[in-house]
Each structure stands twice: as C-alpha cells, then as structure tokens.
Amino acid sequence: MKIVTAEEMKKLDRKATTDYAIPSLLLMENAARGLVDEIEKTLGPAAGKRVVILAGRGNNGGDGIAAARHLRMRGAQVIVYLFSPIEKVGGDAKTSLDIWMQTGGVLHVAGSFRWNHLTRELSESDLIIDALLGTGLSHPVEGDYAKAITLINRSGRKVVAVDIPSGISADTGEVLGVAVKADYTFTMALPKWGHFLQEGLEVRGRLAVIDIGFPPAMIEAAKIPVDLITPEGLAGFPPPRPRGAHKGTAGHLLVIAGSFGKKGAALMTSLAALRCGAGLVTVALPKSIDLATADLMEVMTLPLPETPEGTLSLAAEKSLLQAVQGKDAVAIGPGLLQNEETQRLIRTLIAEISLPIVVDADGLNALAGDLSALKKRKAPAILTPHPGEMSRLIGKRTDLIQKERFTVAAHFAEQWGAILVLKGAHTVVATPDGFVRVNNTGNPGMATAGTGDALTGMIGAWLAQGIDPAEAAAGGVALHGTAGDLAAADRGEIGLIASDLIQKIPEAIQNYVRRHSGVLPP
Ligand SMILES: NC(=O)C1=CN([C@@H]2O[C@H](COP(=O)(O)OP(=O)(O)OC[C@H]3O[C@@H](n4cnc5c(N)ncnc54)[C@H](O)[C@@H]3O)[C@@H](O)[C@H]2O)[C@H](O)CC1
Ligand SMILES: [K+]
C-alpha cells in the first residue's frame, strides 16, 4: 500500500477527475460513506448516537459534512459546527453544506454560537468528528480553530479524525500550533507520511484507510516511491524449504560480533539467525570469549586474536577473510566495541568482503565519518542504524533526522548504494533505487537491549538463504516487529526482553507462511 504526501494526494485527486472521469464530488460521497461505514464497524451502529462534527471550510470539512448526512440517515443525532463563514466555503464542500442545510441538518456557524454551548454539546456527545483541517493545512493553527481543537482534546470523548488529525502536517507529522488527539484516524484513499512521523504517529490513534474509489491503475501509474511493508508485498518471503533440504541449502551465516563483556550481542545475533532458518551459523569473536552455553549448542565459533581490551585485533584480518570462504552472508557489528584498531579492521572487512553483508551497531560506528568502505564493496550491504547511530554516520542531529526519516534514509541509500534500515517506530527501509518501505509492525516494548542484535541476525539469516537483499531487509524488519508484537501480547510491553522476541520468531514466520499459503507446509 502506498504512503503519500499532501501534494501526491492532490495530484491523484485531480487525475481521478481529469484522466478517469471520476467527479470529485463522487470521491467526497465515497469518502463520506466510507467514513460512516468505518465508524459503525469500529464503534457500533450510528443509530441513537449523539455526534458532533467540527468542520473547516475546505474539503476536509466537506468530507465531514457529507458524513453527517449519512450518519443522520442511519439514525444518529448529528450537529455540525462550521468554523468558517458560509460564503467562504466553496466547491464540493459547499455542495455538501448545501445538501446538509437543504435536508434540514442542524448547523452552527462560527460567530453565531456560544463557546460554552459547544463545550456542553461536546461533553454530552458519544462521538466527535474532527473535520477541521486535512492535507490543506498550510500554517500553524490559531484563533477559533485552535480553540476548537483544545475543546475537543479536553472533552474526554471518543474522537475520529477525518483523513488526519487537524493541526498535524500531512508531510512531516509535526504539530503546527496545536493538534487534535484522536482515538481513530480514518484517512482517504492512502495513508499519508504524517501518519508515521513525529507527533502524527502519537496523536492519530488507530489508523484505517477509506477506499474512495481511486482506480488501482491510477495509483500504480503515479509511481509513488513510499510503500507500507505488507505480507502481500513480500513476494519470495520466507523462502520455501525444498523437501530435500540440507543444512547447506539454508545457507551459512558468518557473524562477526562480541568482545569482552559483550558476549550477549553475539549470542542473540546468532540465535535469531538460527530461528530464521539459517542452516549454519559461525560466530567469529575474540578467542578469550567462551560462547559454549547450554542454549546455543547449534552455533560454531571461530576464536580470533584480540586486543588487550578483549576486542578483535587487526591480526584477525587474514583468518576472517579466509573464514568468509564457503559462507553465504555476513553480519558484522554487534558488541564489537569502538576500539580504534578494531574499527580499522571493521572498515577493511566491509570493503573487502564480497558477500552480502548486514552492518549494525559498532560496525556502523566504525563507518561514522568515513563511509568510503561502502564504495569499495562488490556485493550488497544493508546498514541498520537507530537514529543515534544514523546521526553519527551522517553528522546530522538526531532530532532533524527524526523530522525527515523517509527522505534522510532515501538520500543515504541513493548516495552510498546501500540498503538503509533506519530503525525506530515504523522502521524505514530505503533502497538505492529511490524506493522507501515503511514497517507497520512492532511496539514500544521493543526498545530494550538486544532487539537490534536480533534484527541483525534475522536479516543476516535471510541474506544467507539467498533472499533478495531488499526483501531480506523489509521482511526481516516486518518479522522482527511481528515477533515483538507476539512477545508483547504474551508478556506485555514493559517486561518484554530481546530473548522473548527471539523465542517468538518461529511463530511470527508461521503467521506469514499461513497468510501466504493458506496452510502450513505438511
Ligand atoms: N474529492 C474530495 O472530496 C477529496 C477530499 N479529500 C479531503 O480533502 C482534504 C483536503 O482538502 P483541502 O480543501 O485541500 O484542505 P483542507 O480541508 O485540509 O483545509 C481547508 C482550508 O483550510 C485553510 N487552512 C490551512 N491551514 C489552516 C490553518 N492553520 N488554520 C485555518 N485554516 C487553514 C486552507 O486555506 C484550506 O483550504 C483532505 O484532507 C481530505 O479530507 C480527500 O483527500 C480525497 C478526495
Ligand atoms: K481532520
């Protein structure tokens, strides 16, 4: 499913009429009916509900007022507050307003109602519909709009935002002045960037998409670069296992991880890789670290020369480049520490290793300030920074990165010819061809030690099994979040730890297999 900017949405809106002969009023009617269907699906029958709709003067308001009519026809008691003089309402919104008025709809117009009257009606309502501002928001909200938004947020009532919570930028997700805190956002045709970024993510509540009748061919032809990762979109994932499979079929991952005091990172990376079906996993780590633990008997180890600090030393380079022979992919970084000698080794390995590689944690820190190793590579690279590591990689402030997650990731991927996984709520997967995919699984409970190591192992496992690197990154991220959601469902978000997530990987995979094939393989 594509995710669009306000401008891309406007173009689709126009194209629907100019190229596909779909009148915009029909789109508004579809939007209204779809909105009411979703409200009834989510909150139960409209009949008997007291609904207050706050409408702005544009098509967001038009959608809301058209929805008022459908709600009333389904037995709700509906009141519309219009925050604009009637003469300033134009186009389809005016048509919606005329129909509402001509059919006896209750309407209060800005300037003709008392604010305490509105406050009381909001407090007595069953549902508030925010149709003040949508993708047309162009400057910070102030005056009556700001007052209305504050009243909505104080009401303590159920709030449905039409298209996007008023006050949230459809392109950046930031609050312009003040914004509605919605329980639900029902968005028209396609999700917007602002639903997945900054405060937009926090105040949108549960997001649902309303089909307003855009022809799929029109959306396809628009070549929208940002996509939501969905199971349907992960074609070859997870790879079917041939009946005659043997360990070699499922690939051999070399994990370069761990240092004195950081054994766990190597363990979790390796276990997650095995849980994602890697046939063999070898962990290359400083020789003083003993990985042989009861719960990881399946992993082979390659003990290597170390620095006095217990990190990999440059003397390990030759053994590592030899160890790469016969492997199918490499995961490098977790727990390697930032010892200067180790970082020099990491940069050499990233440049020289001609296998698909996933680089995380201290592997990324070794590239910070000197990304030239990426340009020397002859095989795909996937980098998996969280915003702080991204900040060190590109020398941009973390808060500025968070404001433009999609564009920052896309720019890096195109500039360095690498796949960039920018972690965080709704992890972003950007590929060198300019496409961006946004994850829609996971939960805040995953912000805990080791979940990043698990993701590195998961992506490495899919690379080792020969999955296309972009699919391995997107599928790994989606499955990682699914496993995190399954773990949170079992044990809550607060108590969730990385090993809970790793234990849920097989079930997460089954969810995908079940969705793809309908039944589990015999
Ligand atoms: N064909 C359709 O009906 C579709 C409608 N869609 C819906 O339309 C809105 C976008 O509508 P638009 O008229 O472009 O803008 P808004 O209604 O979002 O804004 C109204 C109006 O408000 C003014 N404005 C901008 N910023 C502020 C502010 N801070 N304070 C006050 N007023 C402000 C500006 O002049 C705008 O014109 C979209 O969200 C959908 O709900 C669907 O997109 C699908 C097709
Ligand atoms: K709105």
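Residues numbered from 1 in each chain as written. Chains lettered and ligands numbered in written order. Predicted model: local features only at pLDDT ≥ 70, side-chain atom pairs only at ≥ 80, totals over all residues.

Attention now goes to the overall build of the protein chain. Within the protein chain one finds 20 helices and 17 strands. Its C-alpha atoms give the protein chain a radius of gyration of 26 Å, within 12% of the compact-globule value 24 Å for 522 residues. In terms of overall dimensions, the protein chain has a C-alpha envelope of 85 × 50 × 45 Å along the principal axes. The burial tally for the protein chain puts 52% of its 522 residues in the buried class. (Helix = DSSP H or I, 4+ residues; strand = E, 2+ residues; numbered from the N terminus. Rg over C-alpha atoms; globule rule 2.2 N^0.38 Å. Buried ≥ 20, exposed ≤ 12 C-beta atoms within 10 Å, placed from the backbone.)

Read across the sheet, ten strands follow the order β8-β17-β16-β15-β14-β13-β12-β9-β10-β11 without closing on themselves; strand pairing throughout is mixed. Because the sheet does not close on itself, it has two edges, and the strands there are β8 (226-228) and β11 (300-304). Ignoring which end each strand starts from, the neighbouring axes of this sheet average 20° apart. As defined by bridge partners, strand β12 (residues 329-332) adjoins strand β13 (residues 357-359) across three bridges and the pair is classed as parallel. If you follow Val330 over to β13, its bridge partner there is Ile357. Lying on the sheet, helix α18 (residues 469-491) is in contact with β14 (381-383), β15 (419-422), β16 (428-430) and β17 (436-438); it crosses β15 at an angle near 10°. (Pairing = 2+ DSSP bridges. Axes fitted to C-alpha atoms, helices over the stretch in contact; angles between N-to-C directions. Contact = placed C-beta atoms within 7 Å.)

Below, the discussion takes up the pairing of β15. The two faces of β15 match: Ile419 and Val421 on one face and Leu420 and Leu422 on the other face are all buried. Across two bridges, the pairing between β14 and β15 is parallel. Within β15, the position partnered with Ile382 by the bridge is Ile419. As paired strands, β15 and β16 are joined by three bridges and run antiparallel to one another. Residue Leu420 lies in a different strand from β16, and its bridge partner there is Ala430. Between β15 and β16, which pair antiparallel in sequence order, lie five residues; one of them, Gly424, sits at a positive phi of approximately 135°.

What follows is about the confidence of the model for the protein chain. In the predicted model, the protein chain carries a mean pLDDT of 94, and 97% of its residues have values of at least 70. Scoring the predicted complex yields pTM 0.93 and, for the interface, ipTM 0.95. (pLDDT = per-residue confidence, 0-100.)

When the domains of the protein chain are assigned, the result is domain 1 (6-223) and domain 2 (249-517). Facing the seven residues of domain 1 at the interface are seven residues of domain 2. Of the residues in the side of domain 1 that touches domain 2, the class split is four nonpolar, two polar and one charged. (Domains from an automatic or database assignment. Nonpolar A, V, L, I, M, F, W, Y, C, P; charged D, E, K, R; others polar.)

Before going further, it helps to spend a moment on the sheet that holds strand β7 (residues 206-210). The strand order β3-β2-β1-β4-β5-β6-β7 describes an open sheet built from seven strands, whose pairing is parallel. Each having just a single partner strand, β3 (106-109) and β7 make up the two edges of the open sheet. Taking each pair of neighbouring strands and ignoring which way they run, the sheet shows an average axis angle of 20°. When strand β1 (residues 50-55) meets strand β4 (residues 127-131), the two strands line up parallel, connected through five bridges. In the sheet register, Ile53 faces β4, and the bridge partner there is Ile129. Together, β4, β5 (159-162), β6 (184-188) and β7 form the strand contacts of helix α2 (residues 24-43), whose direction differs from that of β7 by roughly 140°.

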